Amino acid sequence: MSSSDIFIGETIGTAVLILLGGGVCAAVTLKRSKARDAGWLAITFGWGFAVLTAAYLAGGVSGAHLNPAVTLGLAIKGGTAWGDVPLYLGSQLFGAMIGAVLVYAVYYGQFHAHLNDPEIVGTKSTHEGMVDQTAAPKAGPVLGIFSTGPEIRNGVQNVVTEVIATVVLVLAILTQGLNNEGNGLGVLGALVTALVVVGIGLSLGGPTGYAINPVRDLGPRIVHAVLPLPNKGGSDWGYAWVPIVGPLIGGALAGGLYNLAFA
């Protein structure tokens, strides 16, 4: 597997993952969207289909890791060369940022309608008639489209939740569906993993929104911070370490557990 294969596959695959996953969050959240208020089931199945689509697209090119936690688990297992890990991670982050920008492009009108609605952003205004940004909460009104956030903010609990959910994901990937080279998901593995992601969302996603993927959270959070969205509020960088650290610990634990119990 060449460096160009890894870069192209992981960039395109992760971009599609975030486009479809972030897209369902936008569809459910934003005013003037036909799917508004469709609920948690729509989000969990939307993310599952996003994983399925992205894995099929990238599986034959890069192995469809699409997630630093998966890459780390595969490297510990021995299926991915450690020298390839930085390229995988950089490509995944780049793809995640592209995907988040594409979500903004698709829902451009809805974002602006949502963020200019007084019911959403409040009525406190400056002398220019705009909402006072100094009063914006840590997590802005559309941040949940881009990144995850906890229902109860407790660093230890939030990290533990992400660790456990990621162990389930990565261990499921390591124990089934690997291609013949051991570098990533095969055809059946992509379908099974998509269903695992749906299961994680339904069963374990309630406390934190189940990032289970550092770039799924970090890449879109960066895009949220730089996009010219009116009244967007904060990007909640104080929480951003949780969906990075938790999934990476979970991926490493899954790799170690696989070597102990299944190798």
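Analysis parameters
Residues numbered from 1 in each chain as written. Predicted model: local features only at pLDDT ≥ 70, side-chain atom pairs only at ≥ 80, totals over all residues. Heavy atoms only, no water. Helix = DSSP H or I, 4+ residues; strand = E, 2+ residues; numbered from the N terminus. Buried < 20%, exposed > 50% of the residue type's maximum accessible area, 1.4 Å probe, protein only. Contact = heavy atoms within 4.5 Å. Areas by Shrake-Rupley, 256 points an atom, 1.4 Å probe, with all protein chains shown as cover. Arc of directions from axis to C-beta. Salt bridge = Lys/Arg side-chain N within 4 Å of Asp/Glu carboxyl O. Polar contact = N/O pair within 3.5 Å; in protein donor to acceptor, adjacent residues only side chain to side chain. pLDDT = per-residue confidence, 0-100. Phe/Tyr/Trp six-rings, centres within 6.5 Å; stacked < 30°, edge-to-face > 60°. Axes fitted to C-alpha atoms, helices over the stretch in contact; angles between N-to-C directions. Parallel < 35°, antiparallel > 145°, perpendicular 65-115°, else oblique. Left-handed = near helix turned anticlockwise from the far one by under 90°.

Trainee: What should I look at first to understand the overall build of the protein chain in this one?
Mentor: When helices and strands are tallied, the protein chain shows 11 helices and zero strands. Reading the secondary structure of the protein chain in the N-to-C direction produces α-α-α-α-α-α-α-α-α-α-α. Counting over 263 residues, the protein chain shows a buried share of 53%. Sequence-distant contacts in the protein chain: of pairs separated by 6 or more residues, those separated by 24 or more amount to 79%. Counting every atom, the protein chain has about 11,200 Å² of accessible surface; 67% of that belongs to carbon and sulfur.

Trainee: Help me understand helix α5 (residues 108-115), please; the structure alone is not making it clear to me.
Mentor: Because each turn of an α-helix spans 3.6 residues, side chains separated by three or four positions in sequence point in the same direction. Taken together, the buried positions of α5 are occupied by Phe-111, His-112, His-114 and Leu-115. The arc that holds the buried residues of α5, viewed along the axis, is 160 degrees, so those residues lie on one side. Where α5 is buried, its residues meet α1 (3-29), α4 (85-106), α6 (118-121) and α7 (143-146).

Trainee: Honestly, the pattern of salt bridges in this entry has me stumped. Any pointers?
Mentor: Close approach of charged atoms allows side chains with opposite charge to pair. On inspection of all chains with the given rule, the structure shows four salt bridges. Residue Asp-117 pairs with Lys-31 through a salt bridge whose shortest N-O separation is 2.6 Å. Taken together, the positions of Asp-117 in the loop between α5 and α6 and Lys-31 in the loop between α1 and α2 (40-62) put the pair 86 residues apart, joining distant regions of the chain. Assigned by exposure class, Asp-117 and Lys-31 land together as buried. The partner of Asp-217 in a salt bridge is Arg-221, with the nearest N and O atoms 2.7 Å apart. With a gap of four residues between them, Asp-217 and Arg-221 both fall in helix α10 (residues 214-226), about one helical turn apart. The two residues Asp-217 and Arg-221 agree in class, both being buried. Via salt bridges that share partners, Lys-31, Asp-117 and Glu-119 belong to a single interconnected network.

Trainee: What's the story with the side chain of His-114 in this structure? I'm lost.
Mentor: Here His-114 shows up in helix α5. At 3.1 Å, the side chain of His-114 and the backbone nitrogen of Lys-31 are in polar contact. In contact with His-114, other than residues within four places in its own chain, are Thr-29, Leu-30, Lys-31, Arg-36, Ile-120, Pro-141 and Val-142.

Trainee: In this structure, what is going on with the environment of Ala-27? I would like to understand it.
Mentor: Tracing the backbone shows Ala-27 in helix α1. As for Ala-27 and Ala-42, which are separated by 15 residues in sequence, their C-alpha atoms are 9.5 Å apart. Once residues within four sequence positions are removed from consideration, Ala-27 is found in contact with Ser-33, Ala-35, Arg-36 and Tyr-107.

Trainee: Explain the confidence of the model for the protein chain to me, please; I cannot follow it from the model alone.
Mentor: Segments scoring low in pLDDT should not have their predicted coordinates read at a detailed level. Of the residues in the protein chain, 90% reach a pLDDT of 70 or more, and the chain-wide mean stands at 91. Residue range residues 124-137 is modelled with pLDDT below 50. Its contacts to residues more than four positions away, or to other chains, number 20 contacts.

Trainee: Would you mind showing me how to read the packing of aromatic side chains here?
Mentor: The relative placement of two aromatic rings is captured by the distance of their centres and the angle of their planes. Tallying each qualifying case throughout the model produces seven aromatic pairs. With 6.4 Å between their ring centres and 45 degrees between their planes, Phe-45 and Phe-49 make a pair best called tilted. You can see Phe-45 and its partner Phe-49 sitting in helix α2, four residues apart, about one turn around the helix. On the accessibility criterion, Phe-49 (51% relative accessible area) is exposed. Each member of the aromatic cluster is reached from another via a ring pair, and the members are Tyr-104, Tyr-108, Phe-111 and Phe-146.

Trainee: Explanation requested: the side chain of Thr-11 in the structure shown.
Mentor: Of note, Thr-11 is situated in helix α1. Taking the relative accessible area as the measure of exposure, Thr-11 reaches 8% and is therefore buried. Among the polar contacts made by the side chain of Thr-11, one reaches the main-chain carbonyl oxygen of Phe-7 at a distance of 2.7 Å.

Trainee: Sorry if this is basic, but what is going on with the packing of α10 against helix α11 (residues 242-261) here?
Mentor: When two helices pack together, their arrangement is given by the angle between their axes and by how far apart the axes lie. Where α10 contacts α11, the axes come no closer than 8 Å and their chain directions differ by 160 degrees. Viewed along their axes, α10 and α11 adopt a mutual orientation that is roughly antiparallel. Crossing hand, α10 versus α11: left-handed. Facing α10, whose interface residues are Pro-214, Asp-217, Leu-218 and Arg-221, α11 presents Pro-243, Ile-244, Pro-247 and Leu-248.

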